[in-house]
Amino acid sequence: MGILKGHEVTQEERYNEMMNEPVQHLVIRLAIPTIISMLVTSIYNMADTFYVSQLNTSASAAVGIIYALSSIIQACAFFIGMGAGNNVARLLGQQKNERASQYVSVAYFTELIVGGLICIIGLWHLEELVYLFGATDTIAPYAMDYARYILLAAPFMMCSFGMNNMMRFQGNAMYSMIGITLGGVLNIVLDPIFIYDFGLGLGIAGAAIATGLSQFISFLVLTYLCNHIKSCISISIRSFKPSLHMYHNIARSGIPSLTRQGIASVASIVLNVAANPYGDAAIAAMSIVNRITLFMNSAVVGFGQGFQPVCGYNYGAQKYGRVVEAYNFCLRIGFTVLISLCVLGFIFADPLITAFRRDDPEVIRIGVLALRLQLVTFSLMAQITMANMFTQTIGYSFRATVISLLRQGLYLIPLLVILTSAFGFMGLLLATPLSDVLSGITAFVITRSIVSDFRKLAKEEQGTVSA
């Protein structure tokens, strides 16, 4: 554990870094570990889909069906973890460390409790859940096998996601990366061992067990790191002093994350139900495309997560010029990365889809068309993602919630219903790119006035300092 000793900084030193280090350098330094974490998480999600897809088309579709369940667990975890993390970053910016420590412990133990409730309720209604999420009769048995172990791991998954977010907001992205990456690599290694006959031969259940076990390891590692790093606030049952006021602040800051992740779950369910009449191949193809686009956007999300602690600290300290500078820098990088990836993905769409399900030409045909249509407009996710993170971190909860609802809620779900009714399966494929265009424009309009106000405040701040 040499990394814990040679590179530790105190909370006071972390504060000075956030206030004085050049913004672009600071964002990049904090973003690198979060990008790695997001990429590894996306890779092991893709690994589940890849390995399970080698079994058969129905098993491949089942992973897409249960993605909605995983999104619900993640939505609850981000609601609490990012809600607490936003408050922690602002409190640290105001140098109210003791109050920040209470938020960390309250969030940690609340995640465990909520995860346990999700596990119990989900297992009690397992069969009803998989059909609700859009499973066909041939997909349902595979989906139930996969969901059972995901639910058992729910408390540890929630705590891992929560700690990851709270550590990031404290500026400890490197340490959060260690826990998340270790779990992700372990998942990738265990998948083929647990799934196939040359290992344990557990089929799709093996993929879920590998995921659950890796999340448990991440949970243990992150808990240890939280309590053994000087620059990180420790978790203590003595600091677990919840209050309605504290939960109100967590909910207020976390509702955009809950909305964003929750509506992604709803949109996934609606998409599965809409694709249901077109068979298992359509559901499997859309599942594969979803994993690929999530992987592409993970780099931008990781970069945005590097921006959030910089934004939170400096907003808390009323350094608005640094907030705007960091936001614009992240937007430029996000668009550049996504445009490059979209071009490559469009060119290599066929081999990408074929790698997942080479034995089913119908999955390949649908997947290639769906992927290329989505990539035409997918670069707009840079604007949508950064606008959501920006408004959430500065405490503009209503606007952040609206932005989080745009792509997969306010626009996508109605478009799926309208376009599928009018144009059949082609309408289903066109709904997402059209939603991207409308969401990108709306997110830009919502954030433009905030950025303008912050620029004015920054000029006033400079004038006061000069005087």
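Conventions used here
- Residues numbered from 1 in each chain as written.
- Predicted model: local features only at pLDDT ≥ 70, side-chain atom pairs only at ≥ 80, totals over all residues.
- Heavy atoms only, no water.
- Patch = residues over 30% accessible without salt bridge, like charges linked within 9 Å, V, L, I, M, F, W, Y side chains within 5 Å.
- Areas by Shrake-Rupley, 256 points an atom, 1.4 Å probe, with all protein chains shown as cover.
- Salt bridge = Lys/Arg side-chain N within 4 Å of Asp/Glu carboxyl O.
- Helix = DSSP H or I, 4+ residues; strand = E, 2+ residues; numbered from the N terminus.
- Buried < 20%, exposed > 50% of the residue type's maximum accessible area, 1.4 Å probe, protein only.
- Core = buried A, V, L, I, M, F, W, Y, C linked by side-chain atoms within 4.5 Å.
- Contact = heavy atoms within 4.5 Å.
- pLDDT = per-residue confidence, 0-100.
- Expected span 1.5 Å × (residues − 1).
- Axes fitted to C-alpha atoms, helices over the stretch in contact; angles between N-to-C directions.
- Parallel < 35°, antiparallel > 145°, perpendicular 65-115°, else oblique.
- Nonpolar A, V, L, I, M, F, W, Y, C, P; charged D, E, K, R; others polar.
- Phe/Tyr/Trp six-rings, centres within 6.5 Å; stacked < 30°, edge-to-face > 60°.
- Lys NZ or Arg CZ within 6 Å of the ring centre and 35° of its normal.

*Asks:* Residue-level account of a nonpolar patch on the surface, with values.
*Replies:* Side chains of I339, V343, L344, I347, F348 and L352 sit close together on the surface and give an oily, nonpolar patch of about 530 Å² of accessible area. With four residues, helix α13 (residues 320-347) is the single largest residue contributor to the nonpolar patch. Residue L344 is classed as partly exposed on the basis of its relative accessible area, which comes to 46%.

*Asks:* Tell me about the nonpolar core, and name the residues and values.
*Replies:* By size, the foremost hydrophobic cluster in this structure holds 148 residues, and its most contacted members are F390 and L428. Counting residues per element, this core draws most heavily on helix α4 (residues 57-93), at 20 residues. Ignoring sequence-local partners within four residues, the contact set of L428 consists of L271, A274, A275, M286, L416 and T420.

*Asks:* Give a description of the pattern of salt bridges that names residues and reports values.
*Replies:* A full pass over the atoms with the stated rule returns four salt bridges. Linking R365 and E362 is a salt bridge whose minimum nitrogen-to-oxygen distance equals 2.8 Å. Of the two residues, R365 and E362 are both situated in helix α15 (residues 361-375); the distance of three residues between them amounts to about one turn of the helix. Close ionic contact of D436 with R407 constitutes a salt bridge, the shortest N to O distance being 2.4 Å. Of the two residues, D436 sits in helix α18 (residues 425-466) while R407 sits in helix α17 (residues 397-423), which places them 29 residues apart along the sequence. Residue class for R407 comes out buried when judged on its relative accessible area of 15%.

*Asks:* Describe the confidence of the model for the protein chain, listing the residues and the values that go with them.
*Replies:* Per-residue pLDDT for the protein chain has a mean of 84; in total, 95% of the residues score no lower than 70. Mean pLDDT values for the elements of the protein chain range from 42 in helix α1 (residues 3-6) up to 93 in α15. Within the model, pLDDT remains below 50 along residues 1-6, and this stretch shows nine contacts once partners closer than five positions in the same chain are excluded.

*Asks:* Before we move on, could you go through α4 and cite the residues and values that matter?
*Replies:* For α4, with 37 residues, the first-to-last C-alpha span of 51 Å sits near the 54 Å given by 1.5 Å per residue. Extensive coverage of α4 is indicated by the burial of 35 of its 37 residues. Just past α4, the residue Q95 takes up positive phi, approximately 60°.

*Asks:* If you had to explain the packing of helix α11 (residues 244-275) against α17 to someone new, which residues and values would you point to?
*Replies:* Packing of α11 against α17 brings their axes to within 8 Å, and their N-to-C directions diverge by 5°. It follows from the interaxial angle that α11 and α17 lie roughly parallel. Taking contact as the criterion, the partners of R252, S253, I255, P256, T259, R260, I263, A264, V266, A267, V270 and L271 in α11 are, on α17, S397, A400, T401, S404, L405, Q408, G409, L412, I413 and L416. Grouping the amino acids of the contact of α11 with α17 by side-chain chemistry returns 13 nonpolar, seven polar and two charged.

*Asks:* Could you give an account of the side chain of Q374, naming the residues involved and the relevant values?
*Replies:* Among the structural elements, Q374 can be located in helix α15. Exposure remark for Q374: the relative accessible area of 8% places this residue in the buried category.

*Asks:* Can you explain the packing of aromatic side chains? Please cite residues and give values.
*Replies:* What the rule picks out here adds up to 16 aromatic pairs. Between the aromatic rings of Y108 and F219, the centroid separation amounts to 6.4 Å while the plane-to-plane angle is 15°, which identifies the pairing as stacked. Remark: F219 occurs in helix α10 (residues 204-226) and Y108 occurs in helix α5 (residues 97-124); sequence separation between them is 111 residues. Judged on exposure class, the residue Y108 and its partner F219 are both buried. Measuring from centroid to centroid gives 4.9 Å for F156 and F216, while their planes differ by 80°, and the two rings are edge-to-face. Within this pair, whereas F156 is found in helix α8 (residues 154-169), its partner F216 is found in helix α10, the two being separated by 60 residues in sequence. Overall, F156 belongs to the partly exposed group, its relative accessible area being 25%. Exposure remark for F216: the relative accessible area of 29% places this residue in the partly exposed category. Here a set of aromatic residues connected by ring pairs shows up, and it is made of Y108, F109, F156, F216, F219 and F240. We note R372 situated over the ring of F346; from NZ or CZ to the ring centre the distance is 5.4 Å.

*Asks:* Describe the environment of A208, with residues and values.
*Replies:* Relative to the assigned elements, A208 resides in helix α10. Since its relative accessible area comes to 0%, A208 is described here as buried. For the pair A208 and L91, spaced 117 residues apart in sequence, the C-alpha to C-alpha distance is 38 Å. For A208, the residues in contact, after removing those within four places along its chain, are D145, Y146, Y149 and I150.

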